[in-house]
Number of protein chains: 2
Amino acid sequence: MRGRLTVLTVLLSTMIAVAAPQDPLPSWNDGAAKQAIIHFVQVTTDSRSPKFVPPEERIATFDQDGTTWVEQPFYAQLQFSLARVVELAPKHPEWKTKQPFQAVLSGDKAAMAKFTMNDLIAILMATHTGMTADQFSAAAKEWLARARNKRWGRPYTDLVYKPMLEVMRYLRANGYKVYIVTGGGQAFVRTYAEKVYGVPPEQVIGSALETQYGYDAAGNSVLLREPKLLLNDDKQGKPQNIYLFTGRRSVAAFGNSSGDREMLEYTQARRGASLEVLILHDDAQREYAYGPAKGLPQSKIGTFPQSLYDEATRKGWIVVSMKKDWRQIFAFEK
Amino acid sequence: MRGRLTVLTVLLSTMIAVAAPQDPLPSWNDGAAKQAIIHFVQVTTDSRSPKFVPPEERIATFDQDGTTWVEQPFYAQLQFSLARVVELAPKHPEWKTKQPFQAVLSGDKAAMAKFTMNDLIAILMATHTGMTADQFSAAAKEWLARARNKRWGRPYTDLVYKPMLEVMRYLRANGYKVYIVTGGGQAFVRTYAEKVYGVPPEQVIGSALETQYGYDAAGNSVLLREPKLLLNDDKQGKPQNIYLFTGRRSVAAFGNSSGDREMLEYTQARRGASLEVLILHDDAQREYAYGPAKGLPQSKIGTFPQSLYDEATRKGWIVVSMKKDWRQIFAFEK
């Protein structure tokens, strides 16, 4: 009897599934953006369609900061670096009187707001190098488990966009290999990408430091993180590194700023169908508003100038309004 | 009736499969090497074994030249470079009187035998750069389709070792992700790796040149190959790049020379089970003999010194004798 019941259950659930096909993007409001994504997946996976893409070529690339999770007011990795300065300070007594470390240690927000790119690089190198790859991963994991974002009082990994997780899941269910292609540090993002996005480490492409091959005290081989940038995964670096890592062009690409422009161009230049998407931050109430429309403040982080908006319109790239297109932003919201 | 017959057929073939399990490595003679490979796959995929490796961590890395195909008397890619010199010569009249190109164009074998590393780099840069990534792939494919190896009169891609293809297939059938990790050019190997090894381009790690992002005449984005080495995928470069590309340690690694030593060390230093294999070229009759044993000639290509042999013995790395362990070397042999 039990066998028959199982068969019946399977039959019934199949019938229900056929009767009411599940919405693959339930956190998206109906509109041009949602329709464009669904249409793209349908035509590229239907073998009778002229836009069909063979399974092995189905590569989708996602920027991270501002595209799949919150990047304001500072990137999570920058917060991690600042926390590391405080943590490592006992080993660096000279930091008490040396900038930019002094500003961080004394909590001088006015000085920190004026940090130059060189200041940030000095902090990054001091906090991300001089340890083995495994030691760095452990430190990043430990911080991510304990740190809380101030505005939401939640771990940074809770601040991922539910609509984008749905797009990733939908693409994977249709044979797409999903990559993160981030200007952020590859080693940092790899510590949580599998758990948070379902993206394994080998599908995380990001900025990377050189490593030095060596041995630990027990004679086992280790990789030491060196203060020298090997890959700068921003702007032109994104298509360059997508090619370096995959030997292919992406078929779908998602970004949110000028740093993603070349990745979208590279995607569109492939022969055959492609999808280019830009996330527009225009929802100050539920997240942040720093998009391109007149009157919105321009942040240094996630720059989306009017010229990029115009280019998107001209080239048929999809601009997603977080305010209008997303029914829900975070999974923790009811 | 037809439905019942199908069920019966399935049942029967299952019974046959259970009764006579297929040998996963039919081109291997029974012996310690074959047994070690099969034992490794069994214990790392049996969830009750203390040496079980979770599916997502199952990474196997293979050197190419001398490990999965013939590398003597010269690497195939070097032959490609020399052919390219002849092909490109009309566009470079200065090569007629300029070394090392003059030696290649006049077929001066004595001079070519004395080429230094700098000569080879000059030839590589002149023949592998100044074109788009797509143009380079097309040139490599065209040459591979037409070139024939002198000794066997066959395309270079026929000179892959059947026993190693069997190992790759066996590992894949047991959930391993198979990577090529070659000192050769990543872009060159990617043009045939899928067809020849079943390894997709995103699983080919190799030496790589920098690319420059630009646009073709139609305004489409392209990547231009630059005469600057980005990744040197040899020796320490192998573990460094396995980490860069995958964020993991390999669980099984296969090589044949000093260039693979660090990759094997890196594999063995992982926590848990691992497999390290070196292919020993000791079969002058069926292939070449340039292994480590006394009396065998030492080639500059595929250097396997006695010290590496001793290290392998000391560390429990498997040394495969092509002469004794391989029943058949090439698929085209009867």
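About the criteria used
- Residues numbered from 1 in each chain as written.
- Chains lettered and ligands numbered in written order.
- Predicted model: local features only at pLDDT ≥ 70, side-chain atom pairs only at ≥ 80, totals over all residues.
- Heavy atoms only, no water.
- Helix = DSSP H or I, 4+ residues; strand = E, 2+ residues; numbered from the N terminus.
- Buried < 20%, exposed > 50% of the residue type's maximum accessible area, 1.4 Å probe, protein only.
- Least-squares fit on C-alpha atoms with pLDDT ≥ 70 in both.
- Contact = heavy atoms within 4.5 Å.
- Phe/Tyr/Trp six-rings, centres within 6.5 Å; stacked < 30°, edge-to-face > 60°.
- Lys NZ or Arg CZ within 6 Å of the ring centre and 35° of its normal.
- Salt bridge = Lys/Arg side-chain N within 4 Å of Asp/Glu carboxyl O.
- Polar contact = N/O pair within 3.5 Å; in protein donor to acceptor, adjacent residues only side chain to side chain.
- Nonpolar A, V, L, I, M, F, W, Y, C, P; charged D, E, K, R; others polar.
- Core = buried A, V, L, I, M, F, W, Y, C linked by side-chain atoms within 4.5 Å.
- Pairing = 2+ DSSP bridges.
- Axes fitted to C-alpha atoms, helices over the stretch in contact; angles between N-to-C directions.
- Parallel < 35°, antiparallel > 145°, perpendicular 65-115°, else oblique.
- 1 Å grid on protein atoms, 1.4 Å probe; cavity = no way out; pocket = protein on both sides within 12 Å on 5 of 7 lines; lining within 4 Å.
- Points joined across faces, edges and corners; volume = space filled by probe spheres on them.

Asks: Looking at this structure, how should I read unusual backbone geometry?
Replies: What is expected of a backbone is that most residues other than glycine have negative phi and most peptide bonds are trans. Look at the link from Gln99 of chain A to Pro100 of chain A: it is a cis peptide, with omega at 5°. With respect to the helices, strands and loops of the structure, Pro100 of chain A is situated in the loop between α3 (76-88) and α4 (101-105). Cis peptide bonds are those with omega within 30 degrees of zero, and the linkage from Gln72 of chain B to Pro73 of chain B qualifies with -10°. The topology assignment puts Pro73 of chain B in the loop between β1 (59-62) and α3 (76-88). In the Ramachandran plot, Lys235 of chain A falls in the positive-phi region, its phi being about 50° despite a non-glycine side chain. As for its placement among the helices and strands, Lys235 of chain A is situated in the loop between β4 (221-231) and α11 (237-246). Assessed through its relative accessible area of 38%, Lys235 of chain A is described here as partly exposed.

Asks: For this particular structure, what's the right way to read the relation of the copies chain B and chain A?
Replies: Put simply, the second copy of the chain is the first one after a rotation about an axis and a shift along it. The two copies are related by a screw operation: chain B maps onto chain A through 180° of rotation and 0.0 Å of translation along the axis, at an RMSD of 0.0 Å. Within this description, the copies of the chain are treated as partners about a two-fold rotation axis. Relative to the rotation axis, the C-alpha of Phe245 of chain B is the closest in chain B, positioned 3.4 Å from it. Taken together, the interface assignments show that 100% of the residues at the interface of chain B recur at the interface of chain A, consistent with an identical surface on both copies.

Asks: Could you clarify how one ought to interpret the environment of Glu210 of chain A in this entry?
Replies: Residue and element names in this part refer to chain A. Here Glu210 lies in strand β3 (residues 204-215). C-alpha of Glu210 to C-alpha of Pro227: the two residues are 17 residues apart in sequence and 7.3 Å apart in space. Look past the residues within four positions of Glu210 in its chain and what remains in contact with it is Leu224, Arg225, Glu226, Lys228 and Leu230.

Asks: Would you take a moment to explain the packing of aromatic side chains for this structure?
Replies: The relation between two aromatic rings is expressed through the spacing of the ring centres and the mutual angle of the planes. Throughout the structure, instances matching the rule amount to 38 aromatic pairs over all chains. Relative to Phe188 of chain A, the ring of Phe80 of chain A lies with its centre 5.2 Å away and its plane at 35°, an arrangement referred to as tilted. Of this pair, Phe80 of chain A sits in helix α3 while Phe188 of chain A sits in helix α9 (residues 186-190), and the two are 108 residues apart along the sequence. Comparing Phe80 of chain A with Phe188 of chain A, the two get one shared label, buried. Above the face of the Phe332 of chain B ring, Arg154 of chain B is positioned so that its terminal group lies 4.1 Å from the ring centre. For Arg225 of chain B, the ring lying beneath its charged end belongs to Phe136 of chain B, and the centroid distance is 3.9 Å.

Asks: It is not clear to me how the interface of chain B and chain A should be interpreted in this structure. Could you clarify?
Replies: It is common to give the size of an interface as the accessible area lost on bringing the parts into contact. Contacts between the two partners involve 39 residues from chain B and, on the opposite side, 39 residues from chain A. Counting across the interface, chain B meets chain A through 4 salt bridges. The residue Arg248 of chain A makes a salt bridge to Glu202 of chain B at a minimum N-O spacing of 3.0 Å. The interface formed by chain B and chain A contains 22 residue pairs in polar contact (both at pLDDT 80 or more). Its residues assigned to classes, the side of chain B that touches chain A comprises 18 nonpolar, 10 polar and 11 charged.

Asks: Explain the nonpolar core to me, please; I cannot follow it from the model alone.
Replies: For soluble globular proteins, the rule of thumb is that nonpolar side chains tend to be buried together. In terms of nonpolar packing, the biggest core is built from 160 residues, with Leu171 and Tyr197 of chain A together with Leu171 and Tyr197 of chain B touching the most fellow members. Every residue in contact with Leu171 of chain B, bar those within four places of it in the chain, is listed here: Phe40, Val41, Ala60, Phe62, Tyr176, Val178 and Phe254 of chain B.

Asks: Would you take a moment to explain the pattern of salt bridges for this structure?
Replies: Pairs may arise between side chains of opposite charge once their charged atoms sit close together. All names here are of chain A. Throughout the structure, instances matching the rule amount to 42 salt bridges over all chains. The shortest N-O distance in the salt bridge between Lys34 and Asp23 comes to 2.8 Å. Of this pair, Lys34 sits in helix α2 (residues 32-45) while Asp23 sits in the loop between α1 (2-19) and α2, placing them 11 residues apart in sequence. Residue class for Lys34 comes out buried when judged on its relative accessible area of 5%. Of the charged contacts, one joins Glu265 and Arg261 as a salt bridge, the two residues approaching to 2.8 Å between their closest N and O atoms. Highlighted residues: Glu265 and Arg261, both in helix α12 (residues 261-268), separated by 4 residues, approximately one helical turn. Several salt bridges converge on common partners, so that one network encompasses Arg261, Glu262, Glu265, Glu311 and Lys315.

Asks: Even after reading the chapter, I still don't get the sheet that holds strand β4 (residues 221-231) of chain B, so can you show me in this structure?
Replies: Paired through their backbone hydrogen bonds, the strands of a sheet run either parallel or antiparallel. All names here are of chain B. Strand order across the open sheet formed by 7 strands is β4-β3-β2-β1-β5-β6-β7, with mixed pairing between neighbours. Each end of this open sheet is capped by a strand with a single partner; those strands are β4 and β7 (318-321). The mean inter-strand angle of the sheet, taken between neighbouring strand axes irrespective of direction, is 30°. For strand β3 (residues 204-215) and β4, the ladder comprises 7 bridges, and the chain directions are antiparallel.

Asks: Any chance you could explain the sheet that holds strand β5 (residues 252-255) of chain A here in plain terms?
Replies: Spatial ordering of the open sheet is given by β4-β3-β2-β1-β5-β6-β7 (chain A), a layout of 7 strands whose pairing is mixed. Edge positions in the sheet fall to β4 and β7 (318-321) of chain A, since each of these pairs with one other strand and no more. Strand-to-strand twist across the sheet, computed as the mean angle between neighbouring axes with direction ignored, equals 30°. As paired elements, strand β1 (residues 59-62) of chain A and strand β2 (residues 177-185) of chain A share 4 bridges and run parallel to each other. Residue pairing in the sheet places Ile59 of chain A in a bridge with Lys177 of chain A of β2 of chain A. Packed on one face of the sheet, α11 of chain A meets β1, β2, β3 and β4 of chain A and runs near 130° to β2 of chain A. Relative to β3 of chain A, helix α12 (residues 261-268) of chain B is tilted by about 95°, and along the sheet it contacts β3 and β4 of chain A.

Asks: Mind showing me how you'd approach the packing of α3 of chain A against helix α7 (residues 133-146) of chain A here?
Replies: Geometry of a packed helix pair, given as the angle between the helix axes and the separation of the axes. Residue and element names in this part refer to chain A. Running from N to C, α3 and α7 cross one another at 105°; their axes reach a closest spacing of 11 Å. Classified by the angle their axes make, α3 and α7 are roughly perpendicular. Together, Ala76, Gln79, Phe80, Ala83, Arg84 and Glu87 of α3 and Phe136, Ala139, Ala140, Trp143 and Arg146 of α7 make up the contact between the two elements. Residue composition of the contact of α3 with α7, by class: 7 nonpolar, 1 polar and 3 charged.

Asks: Quick question: what am I supposed to make of empty space enclosed by the protein here?
Replies: Rolling a probe over the atoms, with the probe sized like a water molecule, indicates the empty space that remains. Taken as a whole, this structure holds 4 cavities of 30 Å³ or more when the rule is applied. By volume, the largest cavity is sized at about 80 Å³. The wall of the largest cavity is formed by Lys177, Tyr179, Glu202, Gln203 and Phe245 of chain A together with Lys177, Tyr179, Glu202, Gln203, Phe245 and Thr246 of chain B. For the lining of the largest cavity, the secondary-structure elements that each account for two or more residues are β2 of chain A together with β2 (177-185) and α11 (237-246) of chain B. Within the lining of the largest cavity, the residues separate by chemical class into 4 nonpolar, 3 polar and 4 charged. Taken as a whole, the second largest cavity spans an internal volume of roughly 50 Å³. Lining the second largest cavity, in full, are Val70, Gln72, Pro73, Phe74, Ala76, Gln79, Asn149, Tyr156 and Leu159 of chain B. Looking at the lining of the second largest cavity residue by residue, the classes come out as 6 nonpolar, 3 polar and no charged.

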